[in-house]
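This is what each chain is made of:
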Amino acid sequence: MPLSLQSEPHSDPHAALPGGGRPEREPNALEVEDLRVYFDTEEGEIRAVDGVSFHMRRGRILALVGESGCGKSVTSYSILRLIQSPGRIQGGSIRFYPKPADGGAETAPIDIASLTEKDERLFDLRGGKISMIFQEPMTALSPVHTVGNQIIEAIRLHQDLDKQQARDKAVEMLGKVGIPGPEKRIDQYPFEMSGGMRQRVVIAMALVCNPEILIADEPTTALDVTIQAQIMGLIKRLQSEMNTSTLLITHDLGVVGQLADDVAVMYLGRIVEQGNVRELMKNPRHPYTLMLLKSLPGMSAGKARLSSIKGSVPSLRELPAGCPFHPRCPFAVKGRCDVGDRPKLEKVSETRGVACIRWNEITDGDIAAIDKEPTR
Amino acid sequence: MSPADSTLPNGPLLKEPHPDTRSADPAAGEGTLSPLLSVRGLCKYFPVKSKGLFQKQVGEVRAADGITFDLMPGETLGLVGESGCGKTTTGRTILRALEPTSGEVWFRLGEEGADPRLPVKDGYVDLAKLSEDQLIPLRTRMQMIFQDPFSSLNPRMTVRDIVGEPMLIHKICKGSELEDRISDMLTKVGLKPEHRTRYPHAFSGGQRQRIGIARALMMNPSLVVCDEAVSALDVSVQAQVINLLQDLQAEMGLTYIFIAHNLDVVRHICDRIAVMYAGRIVELAKTEDIFKHPQHPYTRLLLSAVPNPDPDTPMNMDFTGEVADPGNLPQGCAFAPRCPLCTEICKHDTPSLLNVSKDRYSACHHSDQLF
Ligand SMILES: Nc1ncnc2c1ncn2[C@@H]1O[C@H](COP(=O)(O)OP(=O)(O)OP(=O)(O)O)[C@@H](O)[C@H]1O
Ligand SMILES: Nc1ncnc2c1ncn2[C@@H]1O[C@H](COP(=O)(O)OP(=O)(O)OP(=O)(O)O)[C@@H](O)[C@H]1O
Ligand code: SF4
Ligand SMILES: [Mg+2]
Ligand SMILES: [Mg+2]
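Residues numbered from 1 in each chain as written. Chains lettered and ligands numbered in written order. Predicted model: local features only at pLDDT ≥ 70, side-chain atom pairs only at ≥ 80, totals over all residues. Heavy atoms only, no water.

**Quick look at the site of ligand 3**
Defined as follows: The cutoff for a nearby residue is simple: one of its non-hydrogen atoms must lie within 4 Å of the molecule or strand. Lys, Arg, Asp and Glu make up the charged group, whereas Ala, Val, Leu, Ile, Met, Phe, Trp, Tyr, Cys and Pro make up the nonpolar group; the residues left over, Gly among them, are polar.
The environment of ligand 3 is formed by His286(A), Pro287(A), Cys323(A), Phe325(A), His326(A), Cys329(A), Phe331(A), Ala332(A), Cys337(A), Cys356(A), Ile357(A) and Arg358(A). Broken down by class, the residue content of the shell around ligand 3 amounts to nine nonpolar, two polar and one charged.

**Quick notes on the sheet that holds strand E5 (residues 110-111) of chain A**
Residue and element names in this part refer to chain A. This is how the line gets drawn: Should DSSP find at least two bridges between two strands, the strands are regarded as paired. Comment: elements are numbered from the N terminus, with helices defined as DSSP H or I runs of at least four residues and strands as E runs of at least two.
Spatially, four strands are ordered E2-E1-E4-E5 in an open sheet, and the strand pairing comes out antiparallel. On the outer flanks of this sheet lie strand E2 (44-57) and E5, each paired with one strand and no other. Where strand E4 (residues 87-96) and E5 come together, two bridges link them in antiparallel fashion. Residue pairing across strands places Arg95 opposite Asp111, the latter belonging to E5.

**Some points on the domain arrangement of chain B**
By a widespread convention, an interface's size corresponds to the accessible area lost as its parts come together. All names here are of chain B. How we decide: As annotated, the domain borders come from an automatic or database domain assignment. Residue contacts are defined here by distance: any two heavy atoms, one from each residue, within 4.5 Å place the two residues in contact. What gets called buried area is simply the loss in accessible area from a 1.4 Å probe that two parts show on being joined, summed for both. What counts as a salt bridge is simple: a side-chain nitrogen of Lys or Arg found within 4 Å of a carboxyl oxygen of Asp or Glu.
Domain boundaries assigned for chain B yield domain 1 (3-270) and domain 2 (292-358 + 365-371). Each partner contributes to the interface: domain 1 provides 13 residues, whereas domain 2 provides 13 residues. In this assembly, domain 1 packs against domain 2 so that about 1,000 Å² is buried in total across both faces, 56% of it on carbon and sulfur atoms. Our count for the contact surface shared by domain 1 and domain 2 stands at one salt bridge. Ionic pairing is found between Arg338 and Glu82, a salt bridge with its closest N-O pair at 2.8 Å. Breaking the side of domain 1 that touches domain 2 down by element, the ones donating at least two residues are strand E2 (57-71), strand E3 (76-81) and helix H8 (263-269). Broken down by element, the side of domain 1 that touches domain 2 gets its largest block of residues, four residues, from E2. For the side of domain 1 that touches domain 2, a count of residues per class yields four nonpolar, three polar and six charged.

**Regarding empty space enclosed by the protein**
Defined as follows: Here a cavity means grid points, on a 1 Å grid over the protein atoms only, where a 1.4 Å probe fits yet cannot get out; a pocket means an open set of points with protein on both sides within 12 Å along at least five of seven lines; lining residues are those with an atom within 4 Å of a point. Grid points are joined across faces, edges and corners, and a volume is the space filled by probe spheres set on the points.
All told, the structure shown has eleven cavities of 30 Å³ or more when counted by the stated rule. Roughly 350 Å³ of volume is contained in the largest cavity. Lining the largest cavity are 28 residues, with His251(A), Asp252(A), Gln238(B), His261(B) and Asn262(B) positioned closest to its centre. The greatest single-element share of the lining of the largest cavity, amounting to three residues, is contributed by H8(B). Counted by class, the lining of the largest cavity contains 14 nonpolar, eleven polar and three charged residues. Looking at which domains feed residues into the lining of the largest cavity, each of domain 1 (3-270) and domain 2 (292-358 + 365-371) of chain B gives three or more.

**Looking at the packing of helix H4 (residues 147-158) of chain A against helix H5 (residues 163-176) of chain A**
Helix-helix packing is characterised by the crossing angle of the two axes and by the distance between the axes. Residue and element names in this part refer to chain A. We count it as follows: Lines fitted to C-alpha atoms define the axes, with helix axes restricted to the stretch in contact, and inter-axis angles between N-to-C directions lie between 0 and 180 degrees. Relative orientations are named as follows: roughly parallel for angles under 35 degrees, roughly antiparallel for angles over 145 degrees, roughly perpendicular for angles from 65 to 115 degrees, and oblique for any other angle. In a left-handed crossing the near helix is turned counterclockwise from the far helix by less than a right angle, and in a right-handed crossing that turn is clockwise.
Packing of H4 against H5 brings their axes to within 9 Å, and their N-to-C directions diverge by 120 degrees. Regarding the angle of H4 to H5, the classification is oblique. At the point where H4 passes H5, the crossing takes the right-handed sense. Counting all contacts with H4, which are made through Ile151, Ile152, Ile155 and Arg156, the residues of H5 involved are Lys163, Ala166, Arg167, Lys169, Ala170 and Leu174. Split by residue class, the contact of H4 with H5 holds six nonpolar, no polar and four charged.

**Observations regarding the site of ligand 1**
Residue and element names in this part refer to chain A. Heads up, the condition is: N or O atoms within 3.5 Å of each other form a polar contact, as long as, within protein, one can give a hydrogen and the other can take it, and as long as residues adjacent in sequence are counted only when both atoms are side-chain atoms. All accessible-area figures derive from a Shrake-Rupley calculation using a 1.4 Å probe, and residue coverage is judged against the displayed protein chains alone.
Looking at ligand 1, the residues that line it are Phe39, Thr41, Ala48, Ser68, Gly69, Cys70, Gly71, Lys72, Ser73, Val74, Gln135 and Leu316. Between ligand 1 and Lys72 there is a distance of 2.8 Å, counted from an oxygen atom to a side-chain nitrogen or oxygen. In isolation ligand 1 offers 640 Å² of accessible surface; the protein chains occlude 67% of this area. Taken together, the elements giving at least two residues each to the shell around ligand 1 come down to strand E1 (28-41) and helix H1 (72-79). Taken together, the residues of the shell around ligand 1 break down into five nonpolar, six polar and one charged.

**Brief notes about helix H5 (residues 175-188) of chain B**
All names here are of chain B. Worth spelling out the cut-off: Here, expected helix span is obtained from the residue count minus one, scaled by 1.5 Å. Remark: exposure states derive from per-residue accessible area (1.4 Å probe, protein chains only) relative to the maximum for the residue type, with buried under 20%, exposed over 50%, and partly exposed in between. As used here, the arc belongs to the directions running from the helix axis to the C-beta atoms.
An ideal rise of 1.5 Å per residue puts 20 Å on 14 residues; H5 measures up with 20 Å between its terminal C-alpha atoms. By the burial criterion, the buried members of H5 are Leu178, Ile182, Ser183, Met185 and Leu186. Mapping the buried residues of H5 onto a view down its axis gives an arc of 165 degrees, with all of them on the same face. The exposed set on the far side of H5, more than 90 degrees from its buried face, consists of Ser176 and Asp184.

**What about the packing of helix H4 (residues 159-169) of chain B against H5(B)?**
All names here are of chain B. Where H4 meets H5, the axes come as close as 10 Å, and the angle between the chain directions of the two elements is 120 degrees. Here H4 lies oblique to H5, going by the angle between them. Crossing handedness for the pair H4 and H5: right-handed. Contacts from Val159, Arg160, Val163, Gly164, Met167 and Leu168 of H4 reach H5 at Leu178, Glu179, Arg181, Ile182 and Leu186. Split into classes, the residues belonging to the contact of H4 with H5 amount to seven nonpolar, one polar and three charged.

**Regarding the pairing of strand E6 (residues 130-133) of chain A**
All names here are of chain A. The side-chain alternation of E6 yields two buried faces, one formed by Ile130 and Met132 and the other by Ser131 and Ile133. Two strands pair when backbone bridges link them, and E6 and strand E7 (residues 213-217) are joined in this way by four bridges, in the parallel orientation. Note on E7: the bridge partner recorded for Ser131 is Leu214.

Right under this line is the structure:
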């Protein structure tokens, strides 16, 4: 679990997990600490990401979930330093721990947040050790080159292969992501493919260099369930065979349940709850996580009305005082939840963090009671 | 639509459809129990042209190939299947947003049947055969909600213009009456009348989807095709929009064709489901029957690929079969290359959609092995 909630700096990556069942835990591959990304707009400063901290452990899949606009994509863009003007990384650190060579010693971490735009290490990381599947496939593909040439270029940028070897590898990868007839498709242009096929090309491109860290922003949203399952299997295989760490962004909680080891829930630019997938999906502690899970069609029986979170996400420029979730929260208490600072992500167990001042007070009875209130 | 229709139960189908008998008289029912829509053998083939200056036709994509089903008033029929299997094409061809290659689309007219310009047969018209002019008065009764709330709204039009435009085009009303109707509809879909002067970019994804819904419902349609109407939304907004669609259905007696790839959503909202594979319906049954006892091997595969939010209910991620290419289909059953039940007959004969038990239709030579 991305353990350190806010405070503890990374000390020894192989440190034993105190009190945890396992003698050792996987070393961290990436540590994001107090990340803040602001946008200067005509309407004022927008704090899209405002104090996000999480750790990705080697060979684990961390899911980042939350309503549209809460800052998931901005967080992931920051890791590759792809935030463009009017946005900027206002503060925080993003430490990447490269995998040591076999038998080699740990190498020093790289703080991606503090590299200059032109630092060579940045170009090295992008698409190589850290790669990304973008939410919108067309932004990642050039319309004027065949998909094959784009994949081959990506391979040769980071690997020492000749043209033919790279081409063979590209064909193999296209087949792996479920594109029928890859040896023919490789010479097609993006516009000759269906939306779902383009998405698979982008996935192939992200996986072809065996990244240490894979950032997958809504990788399967455009795909039907059988192709989605195929892609999920691919990410899992990458995890077990290459020990890849994945940051998985998705609004499909089914994909989260099946694929993720750990989950972080974001609301309005911050993480409000994190924990391992089982505890979080089965026993959510933050009211926002609870309400999110309750909105799932499969969760309510039969044709009953779906429960949804009342109201809508407030504007980032007019954050409610206190807990920013309080206007929508069925458990909010006047005078406590709507005053003061935003609740901090409190470490409530070895693997669990919750940013709600009432997490310990809310009973199963309270939760059952909200089902009776009509929501719209 | 007639007031009687809106009192119909939203429940499962009351009358057996005849998906296997293309020539069945679609008007055979009586009173309000006859279908609102009877689709018979509907086909839409897209030509595949060669590259270069003289674009010769070198083949065709059979995007919809012999689609047959009945839709009862007030019913919600789900349309599910692989990406590229022809769901959108089917929806658009029914509404004549695409020209059908062949087939019939019988639409029940109700009291408007009196229009002497329309070739009416027993209260139904065949949408597939009408001219553009004849279609105009019918357009208002059939609407489509598009998948992408971002690109389906004109960014340079205000909400008021977007929602009110169809009323002006069809000269239904204008002036203060139009303003009132727009306000009413915005309120109905959970937006505020004062939003009318805003442009689409000032709304969130879920709100934009509601603008699209308001526009589609403004004309008081009887049939609405929802094409992935909630797919792009996060779960909470998705729940809001689904509740809204169901409320409006109860209130206005709407009939939906609901296209989606999220099977949990489909299970929640649909009365019956048609599963499509490579341009054809391969299974058609009541929702719970489909989920509890799928009768086509493809439906089985589809259901086994739905990820469960519960990590302790693991799923199969080991899918290897090749996706069907509607431009290059094998002989026989299109699913044969991926089917665990495939035998010789499957490789030669295309199975037709047959009535396998009450209210159930399946297009598989071996569907009896699936009970
Ligand atoms: N270029 C920009 N200028 C101003 N605001 C921006 C810009 N890019 C993003 N934002 C704001 O930052 C916030 C977070 O956006 P982000 O794209 O990270 O959301 P998300 O969680 O990925 O949402 P979704 O699920 O819809 O993809 C949003 O409120 C958005 O309006
Ligand atoms: N205008 C067109 N010209 C040529 N082929 C087309 C056209 N529109 C669709 N097709 C082809 O018809 C087939 C069915 O497409 P359709 O859009 O109906 O699929 P779908 O089931 O809606 O898929 P998805 O789930 O990806 O939206 C596809 O193979 C597609 O490539
Ligand atoms: S702090 Fe209060 S308002 Fe915020 S989630 Fe907890 S109970 Fe709800
Ligand atoms: Mg995003
Ligand atoms: Mg479609």
